[in-house]
Amino acid sequence: MRLICVSGIKGSGKTTLIKAMARRAAALDKPSAVIANESGEESYEDGFTNDLKVPVQYLRGG
Amino acid sequence: MGCSLATSLVDLIKKIKRIHDPEFLFIEPSEMVVTQELQNVAAMGHRDVRYQIGPLITLVDAPQFPFMWAERQRLIIGQINGADIVALSRTDRLEDSSPDEIRKVLRPYCNGIDLLSVHDSDSLEKMMMNVPEFAAP
């Protein structure tokens, strides 16, 4: 397992970049998962988690 | 990031490793977390679970940079310090300043600054190539 962290202020594109990397991982047939802070500006909607089968865990306050 | 929050994050990392064992675990912390804190958490979890760490990526929002640099400079520097990759994001929405101006301001705090725009597939591809498994044929 490789840990990849994406930091930045709200609206800087963290979720967008992570989704793009998760899609790339899926295209390579490599499973991925996400830990996101609960107050993220953009959600990991069902379409993303269902289509790519990426489990998303939320961390309160972090 | 407080001690209990760091512990919660470590527990989540272990839980995901145990249950899903994915090839990649992407972590999106809150905007207040600095890179040193992430390094500490990654090191804490590493004692019990085997995984590779990095890249640690910091996105600097280009359109908001002048305001953020004026108001929250310590946070920006904390996120840049220790990051494996620093990228200026949303550069396509810059109006009042140029990427080079921002790079000049940030140069004392990091070695290099990439550009990232979701509308520019080349910049996204370049970012992906920093992940060894994505770069390998």
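Since we're looking at a predicted model, the values are computed, not measured.

Definitions and limits used
- Residues numbered from 1 in each chain as written.
- Chains lettered and ligands numbered in written order.
- Predicted model: local features only at pLDDT ≥ 70, side-chain atom pairs only at ≥ 80, totals over all residues.
- Helix = DSSP H or I, 4+ residues; strand = E, 2+ residues; numbered from the N terminus.
- Buried ≥ 20, exposed ≤ 12 C-beta atoms within 10 Å, placed from the backbone.
- Contact = placed C-beta atoms within 7 Å.
- Domains from an automatic or database assignment.
- Nonpolar A, V, L, I, M, F, W, Y, C, P; charged D, E, K, R; others polar.
- Pairing = 2+ DSSP bridges.

## Comments concerning the overall build of chain A
Here comes step 1: A count of helical and extended segments in chain A gives 2 helices and 3 strands.
Here comes step 2: Secondary structure elements in chain A, listed N-terminal to C-terminal, are β-α-β-α-β.
Here comes step 3: Expressed as a percentage of its 62 residues, the buried residues of chain A come to 42%.
Here comes step 4: If you take every contact in chain A between residues at least 6 apart in sequence, the share linking residues at least 24 apart comes to 29%.

## Quick word on the domain arrangement of chain B
All names here are of chain B.
Here comes step 1: In terms of domains, chain B is made up of domain 1 (1-52) and domain 2 (54-137).
Here comes step 2: On the side of domain 2, 10 residues touch domain 1, which itself brings 8 residues to the contact.
Here comes step 3: Tallying contributions element by element places helix α2 (residues 35-46) first for the side of domain 1 that touches domain 2, with 4 residues.
Here comes step 4: Tallied by class, the residues present in the side of domain 1 that touches domain 2 amount to 3 nonpolar, 4 polar and 1 charged.

## Focus on the interface of chain A and chain B
Here comes step 1: Of the residues lining the interface, 38 residues belong to chain A; the matching set on chain B comes to 46 residues.
Here comes step 2: Looking at the side of chain A that touches chain B, the elements with two or more residues in it are β1 (2-8), α1 (14-27), β2 (32-37) and β3 (56-59) of chain A.
Here comes step 3: When residues of the side of chain A that touches chain B are assigned to their parent elements, the largest contribution, 10 residues, is made by α1(A).
Here comes step 4: Grouping the amino acids of the side of chain A that touches chain B by side-chain chemistry returns 19 nonpolar, 14 polar and 5 charged.
Here comes step 5: The pairing of β1(A) with strand β1 (residues 24-28) of chain B spans 4 bridges and is classified as parallel. Looking at β1(B), one finds that A:Ile4 is bridged to B:Phe26.

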